[in-house]
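Coordinate analysis (summary)
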Number of protein chains: 2
Amino acid sequence: MLQSLDHDSAMTMSAVLAANEAFYSAFAAGDSDAMENIWSATADITCIHPGWPAVNGRPAVLDSWRSILSSNAPLIAAADAEVRVIGDMAYVICNEHLEPGTLIATNIFVFEDGAWKMIHHQAGITPVPTPDRSPAASGILQ
Amino acid sequence: MLQSLDHDSAMTMSAVLAANEAFYSAFAAGDSDAMENIWSATADITCIHPGWPAVNGRPAVLDSWRSILSSNAPLIAAADAEVRVIGDMAYVICNEHLEPGTLIATNIFVFEDGAWKMIHHQAGITPVPTPDRSPAASGILQ
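Below is a short write-up of the structure.

What counts and how
Residues numbered from 1 in each chain as written. Chains lettered and ligands numbered in written order. Predicted model: local features only at pLDDT ≥ 70, side-chain atom pairs only at ≥ 80, totals over all residues. Heavy atoms only, no water. Salt bridge = Lys/Arg side-chain N within 4 Å of Asp/Glu carboxyl O. Helix = DSSP H or I, 4+ residues; strand = E, 2+ residues; numbered from the N terminus. Buried < 20%, exposed > 50% of the residue type's maximum accessible area, 1.4 Å probe, protein only. Least-squares fit on C-alpha atoms with pLDDT ≥ 70 in both. Contact = heavy atoms within 4.5 Å. Pairing = 2+ DSSP bridges. Buried area = accessible area lost by both parts, 1.4 Å probe. Polar contact = N/O pair within 3.5 Å; in protein donor to acceptor, adjacent residues only side chain to side chain. Nonpolar A, V, L, I, M, F, W, Y, C, P; charged D, E, K, R; others polar.

Turning our attention to the pattern of salt bridges. Across all of its chains, the model carries 10 salt bridges over all chains by this definition. Salt-bridge contacts for Asp63 of chain A lead to Arg66 of chain A; the nearest nitrogen and oxygen are separated by 2.8 Å. Pair noted here: Asp63 of chain A and Arg66 of chain A are both in helix 3 (residues 58–71), with a separation of 3 residues, about one helical turn. Looking at Arg66 of chain A, the relative accessible area reads 37%, which means it is partly exposed. Glu82 of chain B is the salt-bridge partner of Arg84 of chain B, the closest N and O atoms lying 3.2 Å from each other. Each member of the pair, Arg84 of chain B as well as Glu82 of chain B, is classed as buried.

What follows is the structure in structure tokens.
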């Protein structure tokens, strides 16, 4: 419930954003080990890559990332992140800038053993942001 | 934390699925009033329609739905729903069957005043499911 948030602080949102950034750093570096560490080790995780069907469960999700990261290490950078925290769960929506286009993602995290771990990711196509939707103009959190 | 779930029961998952179904019923009926009731009245909700930039905040999200529902009431039906519950938050991933294609969605809900209310929706393209990914073959929850 929004009224009972115990993680709704600037520090908590920064920690969620850091987890989100770590995901994109692992992605951009093509680092499967780092990617494995991003995801919850205990939750029944899920992932929806752009244009893919859903991938369910840690073995299949991590296999999908190993496949993606071994075939190409894309130039990817997250921007325009928006964070919402509800208790021990949080989600981030952000743009993913790649060549030649832009995707938009929903990334869900849980607070697990003292750290925010990803439990779900969905990315899909979105228009390239126009200047009036830049971070400075839209109250973006980072 | 997955260890402290208090909603991880068949009854709770059914309630989340019912909220998810109510969303698609409102969508298919083109019912803006029902759609408004689906969404949290208190959370800072977000929505990512297929091919759109993010829509942030209840007024903008509800406006986007009024626009979509007034222009066409699509033949849409959800299938292959998977539910995850973490405390007072839950998410559903499911396919959205429309003419002429299939989308895949992430729908996030919070338990608010005794009911599961949507706080985020993202839909994007996905392949049309093949028979070996049918509900009967993949352990789908509904």
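Moving on: the relation of the copies chain A and chain B. Each of the two chain copies can be brought onto the other by rotation about an axis and movement along it. Once chain A is rotated about the relating axis by 180° and shifted along it by 0.0 Å, it coincides with chain B to within an RMSD of 0.0 Å. Seen this way, the second copy is the image of the first under a two-fold rotation axis. Within chain A, Gly124 of chain A has its C-alpha nearest the rotation axis, a separation of 2.7 Å. Most of the interface of chain A is mirrored in chain B, where 100% of its interface residues again form contacts.

Bringing the pairing of strand 5 (residues 102–112) of chain B into the picture now. Residue and element names in this part refer to chain B. Of all the 11 residues making up strand 5, 10 are buried; the element is thus mostly covered by neighbouring parts of the structure. The pairing of strand 4 (residues 89–97) with strand 5 spans 9 bridges and is antiparallel. When the sheet's bridge partners are listed, His97 is paired in strand 5 with Thr102. With 10 bridges joining them, strand 5 and strand 6 (residues 115–125) adopt antiparallel strand pairing.

Right, let's talk about the interface of chain A and chain B for a bit. Tallying the contact residues gives 37 residues for chain A and 38 residues for chain B. Between chain A and chain B, a total of about 3,100 Å² is buried, with carbon and sulfur atoms accounting for 64% of that surface. In this structure, the connection of chain A to chain B is made through 2 salt bridges. A salt bridge links Arg84 of chain B to Asp44 of chain A; the nearest nitrogen and oxygen atoms lie 3.1 Å apart. Where chain A meets chain B, there are 16 residue pairs in polar contact (both at pLDDT 80 or more). Within the residue set of the side of chain A that touches chain B, elements represented by two or more residues are strand 1 (46–48), strand 3 (77–86), strand 4 (89–97), strand 5 (102–112) and strand 6 (115–125) of chain A. If one sorts the elements of the side of chain A that touches chain B by residue count, strand 5 of chain A sits on top with 7 residues. Of the residues in the side of chain A that touches chain B, the class split is 20 nonpolar, 10 polar and 7 charged.

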